Amino acid sequence: MTNYQIKQLNLSEYEKCSNIWDMKKNVTMANKFYGELESGNRITFIYSENDEFIGEGSLVFRNDDPDYTIPNKRIYLSRMIVKEEYRNRGIGSIMLDYLIEYAVNLGYGEISLGVDTDNYNAKHLYEKKGFTDVLFTGADEYGEYVKLLKKL
């Protein structure tokens, strides 16, 4: 069994997330997430092995989209990603379980997320973990996606 750790991201280590996803290619998103972390609206958890950042997932408390958040009731699972060469090893499942449990411990009754319709592996994982209520199906500048909900 691989020795791993999941810990809350310290703002001073934010740049290390570029090991997981290309922050320079996604500057607008990286800056938005940093601002949300700074304000306390986003908490991000890092999955690491031997101090290497391999996966991340966030919980967002307030979002402009009412499908994603309802104050004190529904929390938004945002930007769950595993570094490409580490996928299909169960890391996403471990992280998802951790984030769901964290949301329950915060007292939330629902958790929502958005996933690209062509991201079959992620959709399968989310459905397997109980994200079975479809809130919305549509498209944005990144392509077609679906919003899913899980009752906690």
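Residues numbered from 1 in each chain as written. Predicted model: local features only at pLDDT ≥ 70, side-chain atom pairs only at ≥ 80, totals over all residues. Heavy atoms only, no water.

Moving on: the side chain of E49. Tracing the chain through its elements places E49 in strand β2 (residues 42–49). Here E49 falls in the buried class, since its relative accessible area comes to 8%. Among the polar contacts listed, one links the side chain of E49 to the side chain of R89, at a separation of 2.9 Å. (Helix = DSSP H or I, 4+ residues; strand = E, 2+ residues; numbered from the N terminus. Buried < 20%, exposed > 50% of the residue type's maximum accessible area, 1.4 Å probe, protein only. Polar contact = N/O pair within 3.5 Å; in protein donor to acceptor, adjacent residues only side chain to side chain.)

With that settled, the discussion passes to a negative patch on the surface. Taken together, the side chains of D116, D118, D140, E141 and E144 define an acidic patch exposed on the protein surface. Of note, D116 is situated in strand β5 (residues 110–116). Assessed through its relative accessible area of 33%, D116 is described here as partly exposed. (Patch = residues over 30% accessible without salt bridge, like charges linked within 9 Å, V, L, I, M, F, W, Y side chains within 5 Å. Areas by Shrake-Rupley, 256 points an atom, 1.4 Å probe, with all protein chains shown as cover. Salt bridge = Lys/Arg side-chain N within 4 Å of Asp/Glu carboxyl O. Lys, Arg positive; Asp, Glu negative; His and termini not counted. Charge placed at Lys NZ, Arg CZ, Asp CG, Glu CD.)

Evaluated as defined, the whole model comprises 10 aromatic pairs. Over the aromatic face of F33 sits the side chain of R42, whose NZ or CZ is 3.8 Å from the ring centroid. Sitting above the plane of the Y68 ring, K147 keeps its charged end 5.0 Å from the centroid. (Phe/Tyr/Trp six-rings, centres within 6.5 Å; stacked < 30°, edge-to-face > 60°. Lys NZ or Arg CZ within 6 Å of the ring centre and 35° of its normal.)

This paragraph deals with the sheet that holds strand β6 (residues 133–140). Strand order in the open sheet made by the 7 strands is β1-β2-β3-β4-β5-β7-β6, with mixed pairing throughout. The sheet terminates laterally at β1 (4–8) and β6, the two strands that pair on one side only. Each strand axis lies, on average, 25° off the axis of its neighbour in the sheet, ignoring direction. Where β6 and strand β7 (residues 143–151) come together, 7 bridges link them in antiparallel fashion. Within the sheet, the bridge partner assigned to V134 lies in β7 and is L148. Against the sheet, helix α2 (residues 91–105) touches β1, β2, β3 (52–60), β4 (74–82), β5 and β7, its axis set at about 160° to β4. Of the strands in this sheet, β4, β5 and β7 touch helix α3 (residues 120–128), which is tilted by about 160° from β5. (Pairing = 2+ DSSP bridges. Axes fitted to C-alpha atoms, helices over the stretch in contact; angles between N-to-C directions. Contact = heavy atoms within 4.5 Å.)

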